[in-house]
Amino acid sequence: MTAQRARDHGLVAGPYPPGEHNAITDVPGVRVGHTTLRREPAIHTGVTAVVPDRLPLSAGVYAGNGYGKLVGTTQIAELGVIETPILLTATMSTFRVADALISWMLARDPGLPSVNPVVGECNDGWLSDMPARPITAEHVFAALDGARPGPVEEGCVGAGTGTVALGFKAGIGTASRTLDLAGAGRVTVGALVQANFGGTLRTGARTHEAEAASELELLGLETPPDDGSCMIVVATDARLDARQLTRLAKRGVYALGRVGASYSHGSGDYGLAFSTAASGEHVADRRLSPLFEATLDAVEESVLNSLLAAVPTRGRDGHTAAAWRPA
């Protein structure tokens, strides 16, 4: 059965059309891979890799609320580049994943004088036994080596296997937008989210709090924690510098407000944006507004896709997350 997506339910964010796969991989030179770990009942976790075809690349980073771990942040902010793929995982596996990423990079270029691994995380401890730290280097290598262009698997896969957002089971979601940008021609912006944050789900003017409450009551389930995190990766083939990409990363975090994020004390809301452009005219600041809008739309739809592709999941200590399907 094909996973549902927001557009299957008439939920379309913004005026710009999506790319071919409505995914971050619509940006040329970007691939995505997952490793998913499920060991019933208590392990629901994994690794997701966003792998550019070439490195280093111009990049920017923004912490909307910094209750979390995004390894490599200070060097990205200082130098404005990423020099490794971007990996996502569970909180307590962050540094095992970072270590494995360094090994993967050195295997490809043993002469590297230094490596700044980029690894983000979300706390999937509601459904998964995080202290077990089941992620190994082999899982990381599999996600990196298995990264592919084209359609991206969403929902309960990779780093989203055990995540919960807005009262429902969530996971990995992605979307893209294409637009004509003055001075740059036709460009694409794509987003990928690891959704695990609190709040009340909103689609347009409608809230879905009652749906979450009734589903939990019907199944006799506890309410998932109303905090958590969201890791947002934005890619574009528009030629932007690091300062402009930081502005793009901010829009990724702002977009969570559209779907009802609470931005709680315990939430780590991070945006990271990079450009794959190798040539062409730099986009002037005064021409960025349409790209900002497209980024907001792509992240909003990515979150909805993460929810709609997810399935009900029963995890550690009997905790269960219900899936959301629009009434």
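Our subject is the structure listed above.
Residues numbered from 1 in each chain as written. Predicted model: local features only at pLDDT ≥ 70, side-chain atom pairs only at ≥ 80, totals over all residues. Heavy atoms only, no water.

### Section: the sheet that holds strand β2 (residues 43-52)
Taken in spatial order, the 5 strands line up as β1-β2-β6-β7-β4 in an open sheet, and their pairing is mixed. The strands lining the two open edges of the sheet, one partner per strand, are β1 (30-39) and β4 (70-71). Bridging between β1 and β2 involves 10 bridges; their strand directions are antiparallel. The residue bridging Leu-37 from the neighbouring strand is Thr-45, located in β2. (Pairing = 2+ DSSP bridges. Helix = DSSP H or I, 4+ residues; strand = E, 2+ residues; numbered from the N terminus.)

### Side note on unusual backbone geometry
A cis amide bond links Glu-40 with the next residue in sequence, Pro-41, at an omega value of 0°. We note that Leu-166 has phi near 55°; this positive angle belongs to a residue other than glycine. Position of Leu-166 relative to the elements: it lies in the loop between β8 (164-165) and β9 (168-169). Even without being a glycine, Tyr-263 presents a positive backbone phi close to 45°. Residue placement: Tyr-263 occurs in the loop between α5 (242-254) and β15 (268-275). What makes Tyr-263 partly exposed here is its relative accessible area of 34%. (Buried < 20%, exposed > 50% of the residue type's maximum accessible area, 1.4 Å probe, protein only.)

### Re the packing of helix α2 (residues 94-108) against helix α3 (residues 137-145)
Contact pair α2 / α3: the axes reach a minimum separation of 9 Å and the direction vectors enclose 55°. The pairing of α2 with α3 is recorded here as oblique in orientation. Two packed elements cross with a definite hand, and for α2 against α3 that hand is right-handed. Taking contact as the criterion, the partners of Val-97, Ala-100, Leu-101, Ser-103, Trp-104 and Arg-108 in α2 are, on α3, Ala-137, Val-140, Phe-141, Leu-144 and Asp-145. Of the residues belonging to the contact of α2 with α3, the class tally is 8 nonpolar, 1 polar and 2 charged. (Axes fitted to C-alpha atoms, helices over the stretch in contact; angles between N-to-C directions. Parallel < 35°, antiparallel > 145°, perpendicular 65-115°, else oblique. Left-handed = near helix turned anticlockwise from the far one by under 90°. Contact = heavy atoms within 4.5 Å. Nonpolar A, V, L, I, M, F, W, Y, C, P; charged D, E, K, R; others polar.)

### Side note on the sheet that holds strand β10 (residues 172-181)
For sheets, the rule is that strands pair by backbone hydrogen bonds, running either parallel or antiparallel. Pairing within the open sheet is mixed, and its 6 strands lie in the order β5-β3-β15-β14-β11-β10. In the strand order of this sheet, the two ends are held by β5 (81-82) and β10, each with one partner. The sheet strands contacting α5 are β3 (57-66), β14 (229-236) and β15, and the helix crosses β3 at an angle near 40°. Strands in contact with helix α6 (residues 289-309) are β10, β11 (185-196) and β14; relative to β10, the strand with the most contacts, it is inclined by about 155°.

### Looking at the environment of Gly-280
With respect to the helices and strands, the residue Gly-280 is situated in the loop between β15 and α6. Taking the relative accessible area as the measure of exposure, Gly-280 reaches 46% and is therefore partly exposed. Spatially, the C-alpha atom of Gly-280 lies 9.8 Å from that of Gly-185, the residues being 95 residues apart in sequence.

### Re the pattern of salt bridges
Opposite charge on two side chains makes pairing possible when the charged atoms of those side chains draw close. One pass over the structure, following the stated rule, counts 11 salt bridges. The residue Arg-5 makes a salt bridge to Glu-154 at a minimum N-O spacing of 2.8 Å. Residue Arg-5 is found in the segment before β1, and its partner Glu-154 is found in the loop between α3 and β8; the two are separated by 149 residues along the sequence. The partner of Asp-180 in a salt bridge is Arg-186, with the nearest N and O atoms 3.2 Å apart. When its relative accessible area of 58% is taken as the criterion, Asp-180 is described as exposed. (Salt bridge = Lys/Arg side-chain N within 4 Å of Asp/Glu carboxyl O.)

### Thoughts on the environment of Val-311
Assignment of secondary structure puts Val-311 in the loop between α6 and β16 (313-314). Of the residues examined, Val-311 reaches a relative accessible area of 42% and is grouped as partly exposed. Sequence-distant contacts of Val-311, that is, excluding residues within four places in its chain, are made with Cys-156, Lys-169 and Ala-323.

### Examining the packing of aromatic side chains
Following the criterion strictly, the structure yields 2 aromatic pairs and no others. Ring geometry for Phe-168 versus Trp-324: centroids 6.4 Å apart, planes at 45°, classification tilted. A residue pair is termed long-range when its members are at least 10 positions apart, and Phe-168 in strand β9 and Trp-324 in the segment after β17 (320-321) qualify at 156 residues. Exposure class is identical for Phe-168 and Trp-324. Each is buried. For the cation-ring pair, Arg-251 lies above Phe-292, with the distance from its terminal atom to the ring centre recorded as 3.9 Å. (Phe/Tyr/Trp six-rings, centres within 6.5 Å; stacked < 30°, edge-to-face > 60°. Lys NZ or Arg CZ within 6 Å of the ring centre and 35° of its normal.)

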